[in-house]
Amino acid sequence: MKSKLQMFFCSVWCILLSIVSPICYGIIYMNITGHAKGYAYDLGPEKDISIMIGVIELIIYLLLLIPTLLYLCKKFYNIKKWMLLLPLIGYVVFFGVGIKIMGWSVFLYCFGR
């Protein structure tokens, strides 16, 4: 029972994280490239701080995502070997749902398009 409950909560966490991932990727990318306030604004000396914040955000995001994704992959692999890819496919599908929710043009704006 405990294992099923852990798997349920990890699945819900991974789904929620994959839905907000497009927003996270956009914010992290804008910070790392020095465009934290948008592409029409020059940060000047604040650019170094923006890059450091972007790197910290990336580390936090990866620390939140990778352990749960690896846990789910391991659990699904133990059920059946072919199920190893289910968490990764789910991540991609819910990532697409996140893009659909926020809109394609908003997602591309984060990357300067």
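Right above here is the structure, for reference.
Read on for a plain summary of the structure.

Reading the values: the criteria
Residues numbered from 1 in each chain as written. Predicted model: local features only at pLDDT ≥ 70, side-chain atom pairs only at ≥ 80, totals over all residues. Heavy atoms only, no water. Helix = DSSP H or I, 4+ residues; strand = E, 2+ residues; numbered from the N terminus. Rg over C-alpha atoms; globule rule 2.2 N^0.38 Å. Buried < 20%, exposed > 50% of the residue type's maximum accessible area, 1.4 Å probe, protein only. Phe/Tyr/Trp six-rings, centres within 6.5 Å; stacked < 30°, edge-to-face > 60°. Core = buried A, V, L, I, M, F, W, Y, C linked by side-chain atoms within 4.5 Å. Contact = heavy atoms within 4.5 Å. Disulfide = S-S within 2.5 Å. Bend = angle between axes of the 7 residues up to and from the residue. Axes fitted to C-alpha atoms, helices over the stretch in contact; angles between N-to-C directions. Parallel < 35°, antiparallel > 145°, perpendicular 65-115°, else oblique. Left-handed = near helix turned anticlockwise from the far one by under 90°.

1. Things to note about the overall build of the protein
- Within the protein one finds 4 helices and 0 strands.
- Along the protein, helices (α) and strands (β) appear in the sequence α-α-α-α when read from the amino end.
- A globule of 113 residues ought to have a C-alpha radius of gyration of about 13 Å, yet the protein, at 17 Å, is considerably larger.
- Considering only C-alpha atoms, the protein reaches an extent of 55 × 25 × 20 Å along its principal axes.
- Relative to its 113 residues, the protein shows a buried fraction of 28%.

2. Examining the packing of aromatic side chains
- With the rule as written, the count across this model stands at 8 aromatic pairs.
- Geometrically, the ring pair formed by Phe 107 and Phe 111 is edge-to-face, given 5.1 Å between the ring centres and 70° between the ring planes.
- Take Phe 107: its relative accessible area is 9%, and that puts it in the buried class.
- Ring-pair connections join several aromatic residues into one group, and the members of that group are Tyr 25, Tyr 29, Tyr 61, Tyr 91, Phe 95, Trp 104, Phe 107 and Phe 111.

3. Things to note about the nonpolar core
- With 16 residues, the main nonpolar core has Tyr 61, Leu 65, Leu 72, Phe 76, Tyr 91, Phe 95 and Phe 107 as its most contacted residues.
- Secondary-structure elements contributing two or more residues to this core are α1 (2-32), α2 (47-79) and α3 (86-102).
- Those residues in contact with Tyr 91 that sit more than four places away from it in its chain are Ser 18, Ser 21, Tyr 25, Tyr 61 and Leu 65.

4. Structural notes on the state of the cysteines
- What the rule picks out here adds up to 0 disulfides.
- Note on Cys 10: no disulfide assigned, nearest cysteine sulfur contributed by Cys 14 at a separation of 8.4 Å.
- No disulfide involves Cys 73; its sulfur sits 8.1 Å from that of Cys 14, the nearest cysteine.
- A relative accessible area of 9% means that Cys 73 is categorised as buried.

5. What about α1?
- When the local axis directions of α1 are compared, the greatest deviation, roughly 50°, occurs at Ser 21, which is followed within four positions by the proline Pro 22.
- Where the residues of α1 are buried, they touch α2, α3 and α4 (104-109).
- Two residues or fewer past α1, Gly 34 is found with a positive phi of approximately 85°.

6. With respect to the packing of α1 against α2
- Closest axis-to-axis distance for the α1/α2 pair is 9 Å, and the angle between their directions is 150°. Relative to α2, α1 is oriented roughly antiparallel. Here α1 runs over α2; the crossing is left-handed.

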